[in-house]
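Report on the structure
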Amino acid sequence: MSELEYDDALIAGILERTETIAMVGASSNWVRPSHFAMKYLQSKGYRVIPVNPREAGAMLLGEPVYADLASIPDQFQMVDIFRNSEAAGGIADEAAAIKDKGIDVIWMQLGVRNDEAAMRAEAAGLTVIMDRCPKIEYGRLYGELSWSGVNSRIISAKRPRLMQRTQRRG
Amino acid sequence: MADRGKHQTGFGFETRAIHAGARPEPVTGARNTPIYQTTSYVFEDAEHAADLFNLSRFGFIYSRLTNPTVSVLEERVASLENGRAAVAAASGHAAQFLTFFTLLEPGDEFVSSRNLYGGSLTQFGLSFKKLGWTCHFVDGTDPENFRRAITPNTKALFLEVLANPGGIIIDLEKVVEIGNEAGIPVIVDNTMASPYLHQPLEWGADIVIHSTTKYLSGHGTSMGGVLVESGKFDWMKDGKFPSMTEPEPAYHGLTFYETFGDFGFTTKARAVALRDFGPAQSPMNAFMTITGIETLHLRMERHVANAQVIAEYLEGHEKVAWVSYAGLKSSPYRELAQKYLPKGPGAVFTFGLKGGYEAGVRVVETVELFSHLANVGDTRSLIIHPASTTHRQLSPEQQIAAGAGPDVIRLSVGLESVEDLLRDLDQALG
């Protein structure tokens, strides 16, 4: 487990209010983790806009790929970063500079952590999650990860509501 | 979408023993976990099927890989061990195989304490050899022996903290230090203690294995095994574990550690080792084991209390040469027991008779209430002569080294009235 701890309610709140995610480092190579995550999040009803300068202009899982965050014409609430920790700092700064596009969350993937960039982004009013994967957190909080024997740390005697394939909110 | 339950932090062991992994069934509201006695699961469409096979979506395909009843058992044991994730298998031996297949390449080595269940000594020492894996056995009662046996090809350290056939406790914290320095995971078979008495991950171990056949199922009904990963081991650090950090040819080039992070080890053990070798746990056995775990805390308290009474009785008996139970004041392991197993050092232990082999055989054949069989961790009290049974495949030297010499009797103290157990031993000792 990561050294960073985030309250379940914080993570769930982000996953529930977010509608569109800009995924930096989204790959067209289907065995890459970013491709897995993009496809999974789409299946849960999120719109995922891929950002990857090497693939700019191409289509990926039905979405046009943009060279950088600033080139995205639409509003998006979360920036999900599949880059190394150092590069993640610059992307977080870029996101903070254009936060009027509706951005309120910077999310750095598993193994990605940049504390200084996180402090700058938080000072700019953004919420920062690091060293986590939204696909894994979604699966953990809504029960799917338990199917793979993962300790979800959820205990409840309440009857869960049925999951719909493309339904997102709890 | 499912509404969220409370965060587990703060829930006690007993609550988790009953609830972890098992919310009410969403379709019917069934409160107890249903036995999903099915081999396979209908796909929503072709893309859903492809995503499941590619591991890009979570879901059920085929019960050799995952089954909803077995998943509850996996999450429950992961929770009780404070681990990140678990994989169940058909037996404890199968869980060990899945673990080492995921860790090792041909030519790799590992170091194991020699104070182990006899079946593990045979699996590691003989059968694993055919796969190109070498196990070096050491006397784990001096943890430095682990360090001395490590070579550049050593990929893991293995031990039972509370060792079978009983009485010996290995200083886990020191073994963990040695493992950390070498950059290799420490694996603990925690079967004899159960997570109620001891939690190896809390002392820095990286992987825990159980034969759930014993205390977890608890009633002598169901075979099973499970492996739990802490999620804290850095598989990338020294490049020693290509199976975790390099693209996997048996899974279209997927890199498991990068993709699944802190549950990458169990994901790979399931997606490759369980898939390709097939020792899946049956849903029926998982159901029996889940039910057993719900009373683990109550049973272990009584197991330990009965064992203490019987060990003290035997120690005072004129025909008994020695008793090896870490709960006795005379035990050299009493201090380690208080450190690692403060609720009691288990309920399996050995004793020797002054009459040696002959007297041992007579006791095993004369008891009425103790069952003469090869298992531990049943509600019933069990008795066995390890040298002629569980440790039979070993040489006389290995038997003695494993604490299973010719004069040794092993007891697994059950949950009967302790007065009845004492009376039975009394008449059998004569």
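Residues numbered from 1 in each chain as written. Chains lettered and ligands numbered in written order. Predicted model: local features only at pLDDT ≥ 70, side-chain atom pairs only at ≥ 80, totals over all residues.

**A closer look at the nonpolar core**
Counted only if it meets this: In plain words, the nonpolar core is the set of buried Ala, Val, Leu, Ile, Met, Phe, Trp, Tyr and Cys residues that C-beta atoms within 7 Å link up. Here exposure depends only on C-beta density: within 10 Å of a residue's C-beta, 20 or more other C-beta atoms make it buried, 12 or fewer make it exposed, and intermediate numbers make it partly exposed, the C-beta atoms being placed from the backbone. The source of the domain bounds is an automatic or database domain assignment. Contact between two residues is assigned whenever their backbone-derived C-beta positions fall within 7 Å.
By size, the foremost hydrophobic cluster in this structure holds 172 residues, and its most contacted members are A:Met23, A:Val79, B:Leu98, B:Leu157, B:Ile169 and B:Leu227. The residue makeup of this core includes at least three contributed by each of domain 1 (13–292) and domain 2 (296–429) of chain B. Sequence-distant contacts of A:Val79, defined by excluding residues within four places in its chain, comprise A:Ala22, A:Val24, A:Leu69, A:Ile91, A:Ala95, A:Ile103, A:Ile106 and A:Trp107.

**Overview of the interface of chain A and chain B**
Heads up, the condition is: Secondary structure follows DSSP: runs of H or I at least 4 residues long count as helices, runs of E at least 2 residues long count as strands, and numbering of each begins at the N terminus. Residues are sorted three ways: Asp, Glu, Lys and Arg are charged, Ala, Val, Leu, Ile, Met, Phe, Trp, Tyr, Cys and Pro are nonpolar, and all the rest, Gly among them, are polar.
Opposite the 41 residues of chain A that make contact, chain B presents 51 residues. Secondary-structure elements contributing two or more residues to the side of chain A that touches chain B are α1 (8–17), α2 (33–43), α5 (134–141) and β8 (154–155) of chain A. Counting residues per element, the side of chain A that touches chain B draws most heavily on α2(A), which supplies 5 residues. A per-class count over the side of chain A that touches chain B returns 19 nonpolar, 12 polar and 10 charged.

**Comments concerning unusual backbone geometry**
The phi angle at A:Leu61 is positive, at roughly 50 degrees, despite the residue not being glycine. Here A:Leu61 shows up in the loop between β3 (59–60) and β4 (63–64). You can call A:Leu61 partly exposed: it has 15 C-beta atoms within 10 Å. Positive phi, normally seen in glycine, also occurs at B:His252, with a value near 40 degrees. If you trace the backbone, B:His252 turns up in the loop between α9 (242–245) and α10 (256–260).

**What about helix α7 (residues 172–182) of chain B?**
Residue and element names in this part refer to chain B. For clarity, the threshold we go by: Working definition: the arc comes from the directions between the helix axis and the C-beta atoms, pointing outward to the latter.
Taken residue by residue, α7 has Leu172, Val175, Val176, Gly179 and Ala182 as its buried positions. Projected down its long axis, α7 carries its buried residues within an arc of 125 degrees, all on one side. Its buried side turned inward, α7 meets α6 (144–149), β5 (154–159), β8 (186–189) and α14 (334–340). Positive backbone phi, approximately 70 degrees, marks Gly183, located one or two places after α7.

**Some remarks on the pairing of β5(B)**
In the case of a regular strand, side chains alternate between the two sheet surfaces. All names here are of chain B. Heads up, the rule is: Two strands are counted as paired when DSSP detects at least two bridges linking them.
Of all 6 residues that make up β5, 6 are buried, and the element is covered over most of its length. Relative to β5, strand β3 (residues 109–113) runs parallel, the two sharing 3 bridges. When the bridges of β5 are listed, Glu109 appears paired with Thr154. Note: β5 against β8, 3 bridges, orientation parallel. Directly across from Phe158, in β8, lies its bridge partner Ile187.

**What about the sheet that holds strand β15 (residues 408–412) of chain B?**
All names here are of chain B. For the record, the criterion: Orientation is described by axes fitted as lines to C-alpha atoms, over the contacting stretch for helices, and by angles from 0 to 180 degrees between their N-to-C directions.
If you trace the 5 strands from one edge of the open sheet to the other, you get β11-β12-β15-β14-β13, paired in mixed fashion. Strands with a single pairing partner mark the edges of an open sheet, and in this sheet they are β11 (320–324) and β13 (371–372). Sheet analysis places strand β14 (residues 382–384) next to β15, joined by 3 bridges and oriented antiparallel. Opposite Leu382, over in β15, you have Ser412 as the bridge partner. Strand contacts of helix α13 (residues 296–315): β11, β12 (348–353) and β15, with the helix running at about 150 degrees to β11, the strand carrying the most contacts. Taken strand by strand, helix α15 (residues 356–366) contacts β12, β13, β14 and β15, and its axis lies near 125 degrees from that of β12.

**Considering the sheet that holds β3(B)**
Residues and elements named next belong to chain B. If you walk across this open sheet you meet the 7 strands as β2-β10-β9-β8-β5-β3-β4, and the pairing is mixed. Each edge of the sheet is formed by a strand with only one pairing partner; in this case those strands are β2 (85–89) and β4 (134–138). With strand direction ignored, the average angle separating the axes of adjacent strands in the sheet is 20 degrees. Those strands touched by helix α3 (residues 68–80) are β2, β9 (207–211) and β10 (225–229), and its axis lies near 130 degrees from that of β2. This element, helix α11 (residues 264–277), spans β2 and β10 of the sheet and lies at about 25 degrees to β2.

**Description of the domain arrangement of chain B**
All names here are of chain B. With domains assigned, chain B is organised as domain 1 (13–292) and domain 2 (296–429). One C-alpha centre belongs to domain 1, the other to domain 2; they are set 28 Å apart. Facing the 32 residues of domain 1 at the interface are 37 residues of domain 2. When residues of the side of domain 1 that touches domain 2 are traced back to their parent elements, those giving at least two are α1 (13–19), α5 (118–127), β7 (168–169) and α8 (194–197). With 4 residues, the single largest contributor to the side of domain 1 that touches domain 2 is α5. Looking at the side of domain 1 that touches domain 2, its residues break down into 16 nonpolar, 12 polar and 4 charged.

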